[in-house]
Amino acid sequence: MKVAALCLPLLLGACGTKQAVGKDKVVTSSSTSNSESRVQQDESVQKLSFVQKVSDNQVYVKNITGNMDFTITMGSKEISVPGNLKMRKDEVIRIQLNAPLLGFEVGRLEFTPKYVLIVDRIHKEYIKADYNQVDFLKKQGVNFYSLQALFWNQLLLPGTDKVSESDLKKFDADMSGSGESVPVTFKQGNMSYSWTANRSTGRINQADVNYKTSGSSSTLHIDYSNFKNVGVKSFPATQKLRFVTDATQKKQEFRIVLDMNEVKTDSKWDAETVVSDKYEKVSPEDVLGKIMNM
């Protein structure tokens, strides 16, 4: 097209028949441009339609609860215990860990919009701090709503409490492949997000979050599986998380598996944990260490 444009003045300076040919080329060029524009519009509509399908898969219930098996691995140390997962939309994400066989609670990890709470019932200690006070979370730019979206198997936009219909155009979907997996991506500053969704259903099967600066990097990968029916939607009863970071004093990697035996929508439980006065409040600096020592 660029060659035709450069030759056009020479063609116009020639005889009348050549001038007519030049005009024909301009029309052809315009027609091609319109065709390319329509293709781009069709691709944009296709991408937005798929992102909408992915967004529509999220469950709309207020509560998700259930018994589970919890496993955390950090270095050579691995802990596997029974427990419970209780989540109330926009209020709390609670992981309760129980003593094997005995059944009583030994620890609790809780996220709310305002604070992080870790209760160690064996040593009668607890951490309660907002997200800016926990250095590890602050460096990752983590807040409650981003964690909630990951636990609830849905798209997220950093700095917002939910993804609205008008926000969907901010995501990109690579529809060019022929397989069943379609990556949906979003990037903002040092953070990049990617969800791998099924082409046919729009169901999210994997999520990746990457944080990278000149001085540190962190990656979170989640595999979602074992989907259970929750009304007309479905929820991943098994979630496998792998987190690697060098934002702490040394590089650390840990893996968490949440394997729910059931997925219920029970609402008869208190969203706020009240810690006994007999418990000692400790520094929030070593959050990971506290979890591993519960």
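The structure displayed is predicted, hence computed values, not measured ones.

The rules behind each value
Residues numbered from 1 in each chain as written. Predicted model: local features only at pLDDT ≥ 70, side-chain atom pairs only at ≥ 80, totals over all residues. Heavy atoms only, no water. Helix = DSSP H or I, 4+ residues; strand = E, 2+ residues; numbered from the N terminus. Buried < 20%, exposed > 50% of the residue type's maximum accessible area, 1.4 Å probe, protein only. Contact = heavy atoms within 4.5 Å. Areas by Shrake-Rupley, 256 points an atom, 1.4 Å probe, with all protein chains shown as cover. pLDDT = per-residue confidence, 0-100. Phe/Tyr/Trp six-rings, centres within 6.5 Å; stacked < 30°, edge-to-face > 60°. Polar contact = N/O pair within 3.5 Å; in protein donor to acceptor, adjacent residues only side chain to side chain. Pairing = 2+ DSSP bridges.

## What to know about the overall build of the chain
A tally of helices and strands in the chain yields 5 helices and 14 strands. When burial is assessed residue by residue, the chain has 43% of its 294 residues classed as buried. Sequence separation of at least 24 residues holds for 49% of the intrachain contacts in the chain that already meet a minimum separation of 6. With the model as given, the accessible surface of the chain reaches about 16,400 Å², and the carbon-plus-sulfur share is 50%.

## Concerning the confidence of the model for the chain
Taken as a whole, the chain shows an average pLDDT of 84; of its residues, 79% reach a score of 70 or greater. For residues 1-23, every residue scores under 50 in pLDDT, and the model assigns this stretch 8 contacts once sequence neighbours within four places are set aside.

## Here we look at the environment of L101
As for its placement among the helices and strands, L101 is situated in the loop between β3 (92-98) and β4 (105-111). On the basis of relative accessibility, which here comes to 90%, the residue L101 falls in the exposed class. Separated by 20 residues in sequence, L101 and V81 have C-alpha atoms that sit 9.2 Å apart.

## Some words on the packing of aromatic side chains
Summed over the entire model, instances satisfying the criterion amount to 7 aromatic pairs. When the ring of W152 is compared with that of F235, the centres are 6.4 Å apart and the planes differ by 80°; the resulting orientation is edge-to-face. Of the two residues, W152 is situated in the loop between α4 (144-151) and β7 (172-173) and F235 in strand β12 (residues 233-245); the sequence distance between them amounts to 83 residues. Measuring from centroid to centroid gives 5.5 Å for F243 and F254, while their planes differ by 45°, and the two rings are tilted. Residue F243 is found in strand β12, and its partner F254 is found in strand β13 (residues 252-260); the two are separated by 11 residues along the sequence. Taken individually, F243 and F254 each receive the classification buried, so the pair is uniform in this respect. Connected via pairs of aromatic rings, a cluster forms that spans F171, F186, Y193 and W195.

## A word on the environment of P158
Secondary-structure assignment places P158 in the loop between α4 and β7. In this structure P158 comes out as partly exposed when scored by relative accessible area, which is 22%. For the pair P158 and V142, spaced 16 residues apart in sequence, the C-alpha separation works out to 8.6 Å. Excluding residues that lie within four positions of it along the chain, P158 makes contacts with F186, Q188 and Y193.

## Digging into the side chain of N198
Tracing the sequence through the fold places N198 in strand β9 (residues 191-198). In terms of polar contacts, N198 uses its side chain to reach the backbone amide nitrogen of S200, at 2.8 Å.

## Quick look at the pairing of strand β11 (residues 217-230)
The sheet contact formed by strand β10 (residues 204-212) and β11 spans 7 bridges and is antiparallel. Bridged to Y211 within β11 is S218. Adjacent in sequence and paired antiparallel, β10 and β11 are bridged by 4 residues. Where β11 meets β12, 12 bridges bridge the pair, whose relative direction is antiparallel. Residue pairing in the sheet places K228 in a bridge with F235 of β12. Taking the residues that link successive antiparallel strands as the turn, the β11-β12 hairpin has 2 residues, and the phi of G231 there is positive, at about 65°.

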